[in-house]
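Chain by chain, the residues:
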Amino acid sequence: MHKIELLAKSHDRDGFDCGSEPLNLFLKQTARQHAERGISRTFVLVDKDAAPPIPVLGYFSLNICQIKSESLGSGEAKKLPRDVSGVRLGRLAVAKTCQRQGIGKALLVAAMGKFIEIFNTAGGIGLFVDAKDQDAKRYYEQFGFIPMPSNELELFLPAKTIHGALDSHP
Ligand SMILES: CC(C)(COP(=O)(O)OP(=O)(O)OC[C@H]1O[C@@H](n2cnc3c(N)ncnc32)[C@H](O)[C@@H]1OP(=O)(O)O)[C@@H](O)C(=O)NCCC(=O)NCCS
């Protein structure tokens, strides 16, 4: 059984390898500092029964972001103030040995759950993500993320889609 929790000292950050060095380095060198400074929060998926140093099977990080509504296209911009807030899924990665087992999907669902908590407390129009390449873009699109007209590697998952997917009502 797996669980998702905030990144802590008990997690084996050095042992994590998702095949992308920038994503490995973020977990090893940056994630905890960013959490301490309020820049972002990182959550890890681990085995429920693992003992420290607990292997990290996957992780995601979130931060609050500001968006110019015009970057969503003129249709959306008309309905919104010029500056709106959202939540950015800054990083998502799964250990090479655990890929294609549904862990990425479980992490995305958890990120959506965190979005709902923020939505219920402070609002937010949706989840934003920067896909690192076309492969990652396709990965996010299958969960309903929409490419932004201003930059097709930046994608947006509207709050409404998240509420529908999690069956939570605003
Ligand atoms: C991309 C990543 C997060 C996916 O996580 P995962 O746990 O392997 O993916 P899941 O098991 O949840 O995949 C669910 C479905 O997504 C699709 N999928 C998986 N990886 C994909 C990829 N790289 N591109 C497109 N679709 C993909 C498949 O349809 C898969 O179902 P299938 O295995 O039945 O075919 C993971 O492969 C990873 O960490 N890669 C390296 C880092 C990275 O690219 N991160 C993206 C951030 S920009």
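Cut-offs applied
Residues numbered from 1 in each chain as written. Predicted model: local features only at pLDDT ≥ 70, side-chain atom pairs only at ≥ 80, totals over all residues. Heavy atoms only, no water. Buried < 20%, exposed > 50% of the residue type's maximum accessible area, 1.4 Å probe, protein only. Helix = DSSP H or I, 4+ residues; strand = E, 2+ residues; numbered from the N terminus. Pairing = 2+ DSSP bridges. Expected span 1.5 Å × (residues − 1). Bend = angle between axes of the 7 residues up to and from the residue. Contact = heavy atoms within 4.5 Å.

Some words on the pairing of strand 3 (residues 41-47)
Then step 1. Counting buried positions along strand 3 yields five of seven residues, so the element is predominantly enclosed.
Then step 2. Bridge count for strand 1 (residues 2-6) against strand 3 is five bridges, and the pairing is antiparallel. Residue L6 lies in a different strand from strand 3, and its bridge partner there is F43.

Here we look at unusual backbone geometry
Then step 1. The omega torsion across P52 and P53 is -5°, close enough to zero to call that bond cis.
Then step 2. Positive phi, normally seen in glycine, also occurs at R100, with a value near 65°.
Then step 3. Counting through the fold element by element, R100 comes out in the loop between strand 6 (83-94) and helix 3 (103-122).
Then step 4. The exposure class of R100 is exposed, given its relative accessible area of 89%.
Then step 5. Backbone geometry at D167 places phi at a positive 55°, although glycine is not the residue there.
Then step 6. Looking at the secondary structure, you find D167 in the segment after helix 5 (159-166).
Then step 7. The exposure class assigned to D167 is exposed, which follows from its relative accessible area of 59%.

Some words on helix 1 (residues 21-37)
Then step 1. Relative to the 24 Å expected for 17 residues at 1.5 Å per residue, helix 1 spans 23 Å between its end C-alpha atoms, a close match to the ideal helical length.
Then step 2. The principal kink in helix 1, of about 55°, is found at T30.
Then step 3. Burial in helix 1 covers these residues: L23, N24, F26, L27, A31 and H34.
Then step 4. Elements that come into contact with the buried residues of helix 1 comprise strand 3, strand 5 (58-68) and strand 6.
Then step 5. One or two residues past the end of helix 1 sits G38, with phi positive at roughly 75°.

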